[in-house]
Amino acid sequence: MLKNGTPNGSPWAKLSGPNLGYVLEMYDVYLESPESVDADLVELFKEYGAPTVSEDAVDFSAANQVDSNNFGKVLAAVQLADAIRAHGHLAADIYPLNDRPKDSSRLDPSSYGLSEADLVEIPASLLMKNAPSHIQNGSQAIEYLKSFYTDKIAYEFAHIINSQERQWIQSKIESSSMKVELSVEERKALLERLSEIEGFEKFIHRTFVGAKRFSIEGLDTLVVLLDELVRQSEKQHTKQILIGMAHRGRLNVLTHIINKPYDMMFADFAHVPNESFLPKDDSLEITTGWFGDVKYHMGATHTAKSGLKVKLAYNPSHLEVVSPVVVGQTRAAQEVTTKTGVAAQDQKAAYSVLIHGDAAFPGQGIVTETLNYSRVRGYQTGGSIHVIANNMIGFTTEYYDSRSTHYSSDPAKGFEVPVVHVNADDVEAVIAVARLAFEYREKFGKDILIDLIGYRRFGHNEMDEPLVTNPTMYHAIHKHPTVRELYGKQLVSEKVVEDAEVKKLQADIQKTMQDAFDRVREVPEAEHKDIVIPEVVLNGYPEVPTGVKEEALVKMNAELLSWPSEFSAFKKLEKILKRREEPFNGKGKIDWAHAETLALGSILQDGNPIRMTGQDAQRGTFAHRHLVLHDEKTGAELVPLHHISDANASFVVYNSPLTEAAVLGYEFGYNLENEKALVIWEAQYGDFANMAQVMFDQFISASRAKWGQKSGLVMLLPHAYEGQGPEHSSARLERYLQMAGENNWTVANLSSAANYFHILRRQAKMLGEETMRPLIIVSPKSLLRHPLVGAEVADLASGQFETVLEQPGLGNQTEKVERILLASGKMAIDLADKVKDGKGFDHLHIVRVEQLYPFPSEKIQAIVERFPNAKEIAWVQEEPQNMGSWTFADPYLRDLAGAKSVRYIGRVKRSSPAEGDGEAHKTEQSRIIEEAVSL
């Protein structure tokens, strides 16, 4: 059956020019005598019918000038022109050291059976749309195309599916708009900028001999590229640029893009206080923690006179892990969260610039994770501008040992990201690609990548000798002039400046830096001081009331269960959710998910926006949450929390892509930018957080101590031993307790839905305050619906989060208690299930430790002191002895036990977290419980 028109799914959709003309001609032949047409074409004609001519199709007036006998030559010439566009990058002059072979085999006319005479006979307009008037024939057109596609800038965009994007990029290239026209004054200013960039590195190299700085030299034009993005952003009234990068070149970017003064930077090298050099106009914001970090991990924020904020993110040495953090910050900077419903997003208000290493871009999986967010609903930011700061080497590893791809940028092509390679020694070409990248993002709202190809003038750090491992490359580098030298000679040769001016410029800049350093030398070295943690951090969370009036809960609950009449909820789910009316009618209890929804609603009413994400977070891994309902007839979504009264902030819950490291970094970044937002990430299972361990280690646990950055991020990690094997039993609680120190975060293992309600509300009340800190909750699985975990309405209407809970029915006869059991989470409920109402267990008391860190020693000690005859304190857990919370709690317990013995009851030390057999699990769990309750 023939199809009308040229649908995008047909093979004709991408045809234009002579290609389309040829197919149209063959279709006419096919209608007359199908047997004379190639069999493959016949099948396509049968399937898709006749192609139609679009606005961008062939210029038939030019095609009519071609003898029909020469149409094969025209087709070959079109193939040659297309090859130049698609493969010209392989022959381009993009390597400053000229140390990579160029492949021009696809660009040779003879490879297509064409001679110079053949090309001269072909009209230029058949090969180029809107060819300039001086380009008359095919030979001139081919050379003209080569001048664009094989020069200092090379392009890869054939992999982009959207034809509008491809045509836009092609027109930008072939219309000469990539040619930068700078005035004399602009070129002089550019030379001065290059002199500052190089002079800064040389001054440090000479003045602070052997100090690590991870020099930018060889990629000096990275700063020029960022300068141009700042200029373009100011023209378009962008509010924020957020930059993420590793350590190479960071000090130069801090100095010349973020405008950290020279004397302030030199003070860091000289180990003297730098506060006196901080600009007095509040244009520079720098935060530091009490423990600090090395200078090439630090960030800062500069506010320009135009109002544009440029932020350089703090980043550890884990290279690419900052990328999702910055993209998360960008999303937060784009959103207005002060109204109900989904947060309003302005993608042009802010954007991220992610600067990657050439070895790290294809080598680090988190790069691909972050690229995958570029067009995902809950994570897109309207495109990031990626820059590969391409040194052509990784530490000492050559490219052939570093990747399987031709370019380090190749992974981006799988996400339809256009790639522009540029020779970092061509300053004006770098400016051109910066403009292209900015304009592309503005127009299409997508990622774009600039592969800035240079070299690394010294070793990985300034103490390395690269000739040991990479002699060929470094002999070439030692002979290669700097980009400042090259540009200076170019301007001298073009009579823009005199050679004497170039030399004076260098001397003036070195004097400026020497003057700055002289000011630093007047500052006495700082005396060693003990590390002082702020009191507000040491004091921990204050006890705050978190109850919500019962009448408010009743009203909210009714609104959450009232859906539009036209909405058809899934009947089984509707029945389940309608049961949430029962606790307010004196029947049943409020389970975990119900308490969570009421907590979230009340937090919205208090004015805090909420962002919750995770794999299957909308429904919940265990089919318990259902924050997003789906019409079973239309699939339309309904979010009940968007329709409650008195809410003053936005609410979103997104199912995340199947990633952990990047998504957790993204949510951390979002919360850094919007401190008042309650940001919650839920792992599908707690052990999935293993894949995000670097985010816990380098950012979440230590960002305040290192960099002075506060976060109130909440992480829900499902945890508990249910006989389902080793993989999804343990959230690896011990890891977070091992990293606990300086009140850096809260770690909780809860056994009460009411306590969950209150801890979420307590967390929200601390957002934006000096007391805020991250919260890790090892959340339940089977306990989600357990009756002993459920809450009464009154439990939510009054009270606060309790760090410890005592087992009801036990401990009433204080003189009879001989053993005090401490447990948390599911183990506490298993013990509660065993002792029931307490009859027959007068010798026991059970304390549920709901908050593990900060450890509630004083409250536990006060409980222990009530039982004068208690002989021992036992810690009971389901995890193996070398895991879970025992080794963390042990020293605390011994400090408060006095003369009482302290013992452990649980599984023995294991290498794997849990048994693989369900029956073996039940047997061992029963043994632990019996040992715990029996004298």
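The residue count restarts for each chain, going from 1 along the sequence in the order it is written. Only residues with pLDDT of at least 70 are given local features in this predicted model, and only at 80 or more are side-chain atom pairs given and counted; all residues enter the totals for whole chains, interfaces and linings. Side-chain numbers here rest on the full set of heavy atoms in the structure, without hydrogens or water.

Undergrad: Give a detailed account of the overall build of the protein, specifying residues and quantitative values.
TA: From N to C terminus, the protein includes 32 helices and 25 strands. For the protein, the C-alpha atoms occupy an extent of roughly 110 × 85 × 50 Å along the three principal directions. We call a residue buried when its accessible area falls under 20% of the maximum for its residue type, exposed when it is over 50%, and partly exposed in between, using a 1.4 Å probe and counting protein chains only. Looking at the protein as a whole, 59% of its 935 residues are labelled buried. Should any heavy atoms of two residues lie within 4.5 Å, those residues are counted as being in contact. Counting contacts in the protein only where the partners sit at least 6 residues apart, residues at least 24 apart contribute 79% of the total. Helix and strand definitions here come from DSSP, where helices need a minimum of 4 consecutive H or I residues and strands a minimum of 2 consecutive E residues; each element is numbered from the N-terminal end.

Undergrad: Pulling in residues and values, what's your account of the packing of helix α6 (residues 138–149) against helix α7 (residues 163–174)?
TA: Fitted lines through C-alpha atoms give the axes, limited to the stretch in contact for helices. The angle between two N-to-C directions lies from 0 to 180 degrees. Running from amino to carboxyl end, α6 crosses α7 at an angle of 100°, the nearest separation of the two axes being 9 Å. It follows from the interaxial angle that α6 and α7 lie roughly perpendicular. The segment α6 lies against α7, with Tyr144, Leu145, Phe148 and Tyr149 engaging Gln170, Ile173 and Glu174. Each residue gets one of three labels, nonpolar for Ala, Val, Leu, Ile, Met, Phe, Trp, Tyr, Cys and Pro, charged for Asp, Glu, Lys and Arg, and polar for the others, Gly among them. Tallied by class, the residues present in the contact of α6 with α7 amount to five nonpolar, one polar and one charged. Each angle is binned into one of four classes, with values under 35 degrees roughly parallel, values over 145 roughly antiparallel, values of 65 to 115 roughly perpendicular, and all other values oblique.

Undergrad: So what's going on with the sheet that holds strand β9 (residues 385–390)? Residues and values would help.
TA: Hydrogen bonds between backbone atoms are what pair the strands of a sheet, whose relative direction is either parallel or antiparallel. With mixed pairing, nine strands are arranged side by side in an open sheet as β1-β10-β11-β9-β8-β2-β5-β4-β3. The open sheet has two edge strands, β1 (153–156) and β3 (284–285), and neither has a second partner. Strands are labelled as partners when DSSP assigns at least two bridges between them. Looking at chain direction, β9 and strand β11 (residues 448–453) are connected through six bridges and run parallel. Bridge pairing in β11 links isoleucine 385 to isoleucine 448.

Undergrad: Would you mind going over a negative patch on the surface in detail, with residue names and values included?
TA: Put simply, a patch holds well-exposed residues, over 30% relative accessible area, that have no salt bridge, with like charges counted together within 9 Å and Val, Leu, Ile, Met, Phe, Trp or Tyr side chains within 5 Å. In short, Shrake-Rupley with a 1.4 Å probe defines the accessible areas, and a residue's cover is counted only from the protein chains shown. Take a side-chain nitrogen of Lys or Arg and a carboxyl oxygen of Asp or Glu: if they are within 4 Å of each other, that pair is a salt bridge. Only four residue types enter the tally: Lys and Arg on the positive side, Asp and Glu on the negative side, with His and both chain ends excluded. To locate a charge, take atom NZ for lysine, CZ for arginine, CG for aspartate or CD for glutamate. A grouping of Asp38, Asp40, Glu43 and Glu47 is seen on the molecular surface, where their side chains present a negatively charged patch. Inspection of the secondary structure assignment puts aspartate 38 in the loop between α1 (17–32) and α2 (39–48). Aspartate 38 sits in the partly exposed class, given a relative accessible area of 46%.

Undergrad: Explain the packing of helix α11 (residues 262–270) against helix α18 (residues 499–521) to me, and be specific about the residues and the numbers.
TA: As a packed pair, α11 and α18 sit with axes 8 Å apart at the nearest point and diverge in direction by 55°. With respect to each other, α11 and α18 are oriented oblique. In the packing of α11 onto α18, the handedness of the crossing is right-handed. Side by side, α11 and α18 meet where Tyr262, Asp263, Phe266, Ala267 and Ala270 of the first sit next to Thr512, Met513, Ala516, Phe517, Arg519 and Val520 of the second. Along the lines of polarity and charge, the residues of the contact of α11 with α18 split into eight nonpolar, one polar and two charged. Whether a crossing is left-handed or right-handed is set by the direction in which the near helix is turned from the far one by less than a right angle, anticlockwise for left-handed and clockwise for right-handed.

Undergrad: Which residues make up the confidence of the model for the protein, and what values do they have?
TA: Confidence of the prediction at every residue is given by pLDDT, a number between 0 and 100. Taken residue by residue, the protein gives an average pLDDT of 92. The fraction at 70 or more is 96%. pLDDT under 50 marks residues 1–8. Its contacts with residues more than four places away, or in other chains, come to 17 contacts. Low pLDDT, under 50, characterises residues 53–58; the predicted model gives this stretch 13 contacts beyond four residues in sequence or across chains.

Undergrad: How would you explain the packing of aromatic side chains if you had to name every residue and give the values?
TA: Working definition: a ring pair exists when centres of Phe, Tyr or Trp rings (six-membered ring for Trp) sit within 6.5 Å. Plane angles under 30 degrees give stacked, over 60 give edge-to-face, the rest tilted. A full pass over the atoms with the stated rule returns 36 aromatic pairs. Taking the centre distance of 4.7 Å and the plane angle of 75° together, the rings of phenylalanine 214 and tyrosine 296 count as edge-to-face. Taken together, the residues phenylalanine 214 in the loop between α8 (184–207) and α9 (221–235) and tyrosine 296 in the loop between β3 and β4 (300–303) connect sequence positions 82 residues apart. The same class applies to phenylalanine 214 and to tyrosine 296, which are both buried. Within the aromatic cluster, the residues linked to one another by ring pairs are Phe200, Phe203, Phe208, Tyr262, Phe266, Phe269 and Phe517.

Undergrad: Explain the environment of glutamate 494 to me, using residue names and the numbers behind them.
TA: Note that glutamate 494 resides in the loop between α17 (483–493) and α18. With relative accessibility at 40%, the residue glutamate 494 sits in the partly exposed group.

Undergrad: For the side chain of aspartate 410, give the residues involved together with the corresponding values.
TA: Positionally, aspartate 410 belongs in the loop between β9 and β10 (419–423). Counting of polar contacts relies on pairs of N or O atoms within 3.5 Å, with two restrictions inside protein: one atom must be capable of donating a hydrogen and the other of accepting it, and residues adjacent in sequence are counted only when both atoms are side-chain atoms. Within polar-contact distance, the side chain of aspartate 410 engages the backbone nitrogen of histidine 406 at 3.2 Å. Setting aside anything within four residues of it in sequence, one finds aspartate 410 in contact with Glu156 and Thr405.

Undergrad: So what's going on with unusual backbone geometry? Residues and values would help.
TA: Residues tyrosine 853 and proline 854 are joined by a peptide bond in cis, for which omega reads -10°. When you line up the elements, proline 854 lands in the loop between β23 (851–853) and α30 (857–864). The phi angle at phenylalanine 214 is positive, at roughly 50°, despite the residue not being glycine. The class of phenylalanine 214 is buried, set by a relative accessible area of 5%.

Undergrad: Break down the pairing of strand β12 (residues 610–614) for me, citing the residues and quoting the values.
TA: Within β12, five of the five residues are buried, which leaves the element mostly enclosed by the surrounding structure. Along β12, one buried face is formed by Ile610, Met612 and Gly614 and the opposite face, lined by Arg611 and Thr613, is buried too. Sheet analysis places β12 next to strand β15 (residues 651–655), joined by five bridges and oriented parallel. Paired with methionine 612 across the strands is valine 653, a residue of β15.

Undergrad: Please set out the environment of leucine 627 residue by residue, giving values where relevant.
TA: Tracing the sequence through the fold places leucine 627 in the loop between β12 and β13 (629–630). Linking leucine 627 and valine 353, residues 274 residues apart in sequence, is a C-alpha distance of 34 Å. Those residues in contact with leucine 627, other than ones at most four positions away along the chain, are Thr597, Leu600, Met612, Gln618, Leu638, Val639, Pro640, Leu641, Phe651 and Val653.

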